[in-house]
Amino acid sequence: MNYNLLKEIAIASIQQASKLCEEVRKNIPQAIEKEDKSPVTVADFGSQALICKALKETFPNIPIVGEEDATELRKPESGDTINKITDYVKNIIPSATTDEVLQWIDYGNGKVGDCFWTLDPIDGTKGFLRQDQYAIALALIVEGEVKLGLLGCPALKLSQGETGWLFVAERGKGAYRMPIAGGEMIKQKVVDKEDVSRFRFVESVEASHGNQSLQNTIAQSVGITSESVRVDSQAKYGIVSSGEAALYLRLPSPKYPNYRENIWDHAAGAIVVEEAGGKVSDMYGKPLDFATASKMNDNRGVVVTNGIIHDTVINAIQSHNQNS
Ligand SMILES: Nc1ncnc2c1ncn2[C@@H]1O[C@H](COP(=O)(O)O)[C@@H](O)[C@H]1OP(=O)(O)O
Ligand SMILES: [Mg+2]
Ligand SMILES: [Mg+2]
Ligand SMILES: [Mg+2]
């Protein structure tokens, strides 16, 4: 299958969504509380509307499994919110109406199947609200395998170059990054073991999204002596794929032992790291399951490495579990 057109449309839609998100961020967004108590903003909805519209226009038959939906926005008390979202979308698509914006958001209510997109319009909403890192994450999954991954990180600064990167990976064709506003593609490669200064590990800013004390113990046991770099969102995958860290650990939070990861929180990031030479699995070394449901019910935790240290990390987690 030729993925060039899919890639082209996906890149353009993330560039549009990135503009909307940065505009909202400049104006200091407010959090709206979802049913599960997690925050969402007008930018999460606006980003989902723009990306879903672009994808559905060109690929009407590919379902989109997105994080957000418009149910709450259709209630009369959400009038101000949907008007705000529509205003932001109109900056990019001047003809957009409120009804269309609601419909575009709901294009994201697709189901997991043989071939589908999965979309997180803003991954790391808590980071976005803090003016820290966030990502716009889109992946194409075909017969259970991530074939394309796009990760827009509008606020990300790596050790060199501008702020704002878009990571693009295609199965078997490598991973690249480009400045999010457009520009030259740079090939991604994970860090070598000899590169001591970049042999670091990344984890969430939010302590409750993982198990930071265990993550630190494991990192030390595989020879990482420097303190962790704490970053919100799938930007962590972008950092590992750029060779600026060797390890990203997301071990189950003791506070939420029943939490299951969503496919849109990992699919795009996973292929970006794998195509840069790295490895991604759950904490038992099992591949992440993107084929079955929007939640990865049979996976626990996520381990992302430069590849070389993967088995050592999995073994360190195993021995810790056996001894505790
Ligand atoms: N208890 C939890 N454990 C792990 N991840 C979580 C938890 N609660 C929310 N998340 C997800 O963590 C992601 C961002 O995490 P981080 O920035 O720390 O890497 C978000 O996608 C968020 O989900 P959601 O998308 O529903 O908000
Ligand atoms: Mg969310
Ligand atoms: Mg999100
Ligand atoms: Mg997310």
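Summarised in this report is the structure supplied together with it.

Analysis parameters
Residues numbered from 1 in each chain as written. Chains lettered and ligands numbered in written order. Predicted model: local features only at pLDDT ≥ 70, side-chain atom pairs only at ≥ 80, totals over all residues. Heavy atoms only, no water. Near = heavy atom within 4 Å. Polar contact = N/O pair within 3.5 Å; in protein donor to acceptor, adjacent residues only side chain to side chain. Nonpolar A, V, L, I, M, F, W, Y, C, P; charged D, E, K, R; others polar. Helix = DSSP H or I, 4+ residues; strand = E, 2+ residues; numbered from the N terminus. Buried < 20%, exposed > 50% of the residue type's maximum accessible area, 1.4 Å probe, protein only. Contact = heavy atoms within 4.5 Å. Donors = N, O, S within 2.8 Å, 3.2 Å for Na, K, Ca; no water. Pairing = 2+ DSSP bridges. Axes fitted to C-alpha atoms, helices over the stretch in contact; angles between N-to-C directions.

What follows concerns the site of ligand 1. Around ligand 1, a shell composed of 13 residues is seen, among which Ser204, His209, Ser233, Lys236 and Asp265 lie nearest. At a separation of 2.7 Å, an oxygen atom of ligand 1 approaches a polar side-chain atom of Ser204. Backbone polar atom of Ser233 to an oxygen atom of ligand 1: 2.6 Å apart, as the coordinates give it. Counted by class, the shell around ligand 1 contains two nonpolar, four polar and seven charged residues.

This next bit is on the environment of Leu151. Structurally, Leu151 is set in strand β6 (residues 145-157). We classify Leu151 as buried; its relative accessible area is 0%. Here the alpha-carbon distance between Leu151 and Ala135, two residues 16 residues apart in the chain, equals 6.4 Å. Setting aside residues no more than four positions away along its own chain, Leu151 makes contact with Ala135, Ile136, Ala137, Trp165, Leu166, Phe167, Gln234, Tyr237, Gly238, Ala268 and Gly269.

Within the protein, Asp120 (OD), Asp123 (OD) and Asp265 (OD) serve as the donor atoms for the magnesium ion (ligand 4), at 2.0 to 2.2 Å. Mapped onto the sequence, the residues coordinating the magnesium ion (ligand 4) show the spacing D-x2-D-x141-D. In this structure, the magnesium ion (ligand 4) lies 5.1 Å away from the magnesium ion (ligand 2). Residue Asp120 is found in strand β4 (residues 115-123), and its partner Asp265 is found in the loop between β12 (247-250) and α8 (267-274); the two are separated by 145 residues along the sequence.

Here we come to the sheet that holds β6. Spatially, the seven strands line up as an open sheet ordered β3-β4-β5-β6-β7-β8-β9, and their pairing is mixed. Lying at the two open borders of the sheet, with one neighbouring strand each, are β3 (64-66) and β9 (186-187). The pairing of β6 with strand β7 (residues 163-170) spans seven bridges and is classified as antiparallel. Looking at the pairing, Leu148 lines up with Glu170 of β7. On the sheet, helix α2 (residues 42-58) packs against β3, β4 and β5 (135-142) and is oriented at approximately 155° with respect to β4.

Right, let's talk about the side chain of Asn306 for a bit. Along the polypeptide, Asn306 turns up in the loop between β14 (302-305) and α9 (310-322). Only 3.0 Å separates the side chain of Asn306 from the backbone oxygen of Val191, close enough to count as a polar contact. Among the polar contacts made by the side chain of Asn306, one reaches the main-chain amide nitrogen of Ile309 at a distance of 3.4 Å. Excluding its chain neighbours within four sequence positions, the residues that come into contact with Asn306 are Val190, Val191, Phe199, Ala246, Gly277, Gly278 and Lys279.

The alternating pattern of β12 places Leu247 and Leu249 and Tyr248 and Arg250 on opposite faces, both of which are buried. Direction of pairing for strand β10 (residues 201-203) relative to β12: parallel, over a ladder of two bridges. Residue pairing across strands places Val202 opposite Tyr248, the latter belonging to β12. Judged from the four bridges that link them, β12 and β14 form a sheet pairing that is antiparallel.

Around the magnesium ion (ligand 3), the protein contributes the donor atoms Glu67 (OE), Asp120 (OD) and Ile122 (O), at 2.0 to 2.2 Å from the metal centre. Here the donor residues for the magnesium ion (ligand 3) map to a single chain with the spacing E-x52-D-x1-I. The metal-metal distance between the magnesium ion (ligand 3) and the magnesium ion (ligand 2) comes to 3.5 Å, with Glu67 coordinating both. Of this pair, Glu67 sits in the loop between β3 and α3 (79-90) while Ile122 is found in strand β4, placing the two residues 55 residues apart along the sequence. Since its relative accessible area comes to 27%, Glu67 is described here as partly exposed. Since its relative accessible area comes to 1%, Ile122 is described here as buried.

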